[in-house]
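Examining the three-dimensional arrangement
One letter stands for each residue in the lines below.
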Amino acid sequence: MSDAGEHEEVVVGIDPARDWRLPLAWAVDEAGRRRLSLRLVVAVPPQHDTPRSIALHQAASEALGEAAAWSRERHPEVDAVVDLVEGFPAPAIGRLSGQARMIVLGSRHLSRTSEFLSAGSLVVPVSAQAQCPVVVVGDAEHVTQQPPYLVVGIDGSESSKAALAVAFGEADLRRAKLRAVSVWQPPLFLLHDEEAALQGQRRMLSETTAGWSQEYPDVVLTHEVLTGHPVEELAGAAEHALAVVVGRRGKGGYTGMRLGSVVHGLLHRAHCPVITVPAG
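First, a word on what this report is: a plain description of the structure on this page.

So, how was this worked out
- Residues numbered from 1 in each chain as written.
- Predicted model: local features only at pLDDT ≥ 70, side-chain atom pairs only at ≥ 80, totals over all residues.
- Heavy atoms only, no water.
- Helix = DSSP H or I, 4+ residues; strand = E, 2+ residues; numbered from the N terminus.
- Buried < 20%, exposed > 50% of the residue type's maximum accessible area, 1.4 Å probe, protein only.
- Areas by Shrake-Rupley, 256 points an atom, 1.4 Å probe, with all protein chains shown as cover.
- Arc of directions from axis to C-beta.
- Contact = heavy atoms within 4.5 Å.
- Core = buried A, V, L, I, M, F, W, Y, C linked by side-chain atoms within 4.5 Å.
- Pairing = 2+ DSSP bridges.
- Axes fitted to C-alpha atoms, helices over the stretch in contact; angles between N-to-C directions.

1. Some points on the overall build of the chain
Regarding its fold elements, the chain presents 10 helices and 10 strands. The burial tally for the chain puts 50% of its 280 residues in the buried class. Just so you have it, the chain exposes about 13,500 Å², and 52% of that area is on carbon and sulfur atoms.

What follows is the structure in structure tokens.
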């Protein structure tokens, strides 16, 4: 992650209609580890003098107040500010990514169709357009797994290299192991020797991770090349992980259609927090 001075806060989206404690716990713990401030955000449509609009703003304000009190009780040393912004939630929160170290969101566990059609959907569009890493917390961290570990998906792309940098930083902060995983999906018609293809994957994985252990000597790194569908294999590898970290290619669009099938699949399949990292 960037250590630029202006990126000094973790942004967490608070959903007044859902239980916000899991994503907020992840966000405030992360802010505490990194000694960053915390911004709690609710985005609502512009206020009008109608009962529904007034009720929405009141519920948003109450949720922010309750969430801020809860975060201070969990980590009194973390400076938490609240931000009630007007506008559609996804673009409003996405705009904050330019100044944030990371954005943390909760997951409603919507189906893919519901995710695209839901007016309040945040996960796909924010993950697709954010300029900083986005963490989607659908379930609690598996902190009872010993030793704790994170998984990072590696395919040799620039975005997976960015994901690797984030993954090493997270593993170092949490004193966790890091499993670098590459998944080879056999083509319908294999034109070359399978072992040669797997050897190429192992070589790519070794080259991509080279040098990082010198920068993070306390992080135990392992390499794994798995065979199968990338979403299923990465989700399986991360079943008991603190988080799975993956890169996102391109800038994406509001609908998230260019988010990428693997990232999109993990957001719906993984049972641990998913950290999506933009390239560059």
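Now that the structure has been shown, we can carry on.
2. Remarks on helix H9 (residues 230-237)
Looking at H9, one finds that the buried residues are Pro230, Val231, Leu234, Ala235 and Ala237. Across the axial projection of H9, the buried residues extend over an arc of 160°, all falling on one side. In this structure, the buried residues of H9 make contact with strand S6 (149-153), strand S7 (177-184), strand S8 (221-227), strand S9 (244-248) and helix H10 (261-269).

3. Some words on the side chain of Ser159
With respect to the helices, strands and loops of the structure, Ser159 is situated in helix H6 (residues 158-174). You can call Ser159 buried: its relative accessible area is 4%. Here Ser159 is in contact with Gly247, Arg248, Arg249, Val277 and Ala279, once residues within four sequence places are set aside.

4. Observations regarding the environment of Val151
Considering the arrangement of structural elements, one finds Val151 in strand S6. Judged by its relative accessible area of 0%, Val151 is buried. For the pair Val151 and Val244, spaced 93 residues apart in sequence, the C-alpha to C-alpha distance is 4.7 Å. Once residues within four sequence positions are removed from consideration, Val151 is found in contact with Arg179, Val181, Leu234, Ala237, Ala238, Ala241, Ala243, Val244 and Val245.

5. Observations concerning unusual backbone geometry
Positive phi outside glycine occurs at Arg35, with the angle close to 55°. A positive phi angle, close to 55°, is found at Arg175, a residue other than glycine. With respect to the helices and strands, Arg175 occurs in the loop between H6 and S7. You can call Arg175 exposed: its relative accessible area is 79%.

6. Considerations on the nonpolar core
Counting residues in hydrophobic clusters, the biggest one holds 47 residues, and the most contacted among them are Ile14, Leu38, Leu40, Val104, Val152, Leu178 and Val245. Residue contributions to this core peak at 7 residues, all from H6. Ignoring anything within four residues of it in the chain, the contact list for Val245 reads Leu150, Val151, Val152, Gly153, Ala163, Val166, Ala167, Ile275 and Val277.

7. Notes on the sheet that holds strand S2 (residues 37-44)
Strand order in the open sheet formed by 10 strands is S3-S2-S1-S4-S5-S10-S9-S6-S7-S8, and the pairing between neighbours is mixed. Two strands in the sheet have a free side with no partner beyond their single neighbour: strand S3 (80-86) and S8. Averaged over all adjacent pairs, the angle separating strand axes in this sheet is 25°, with direction ignored. Pairing analysis gives 3 bridges linking strand S1 (residues 9-13) to strand S4 (residues 102-106), with the strands arranged parallel. Bridging from a neighbouring strand, Val10 pairs with Met102 of S4.

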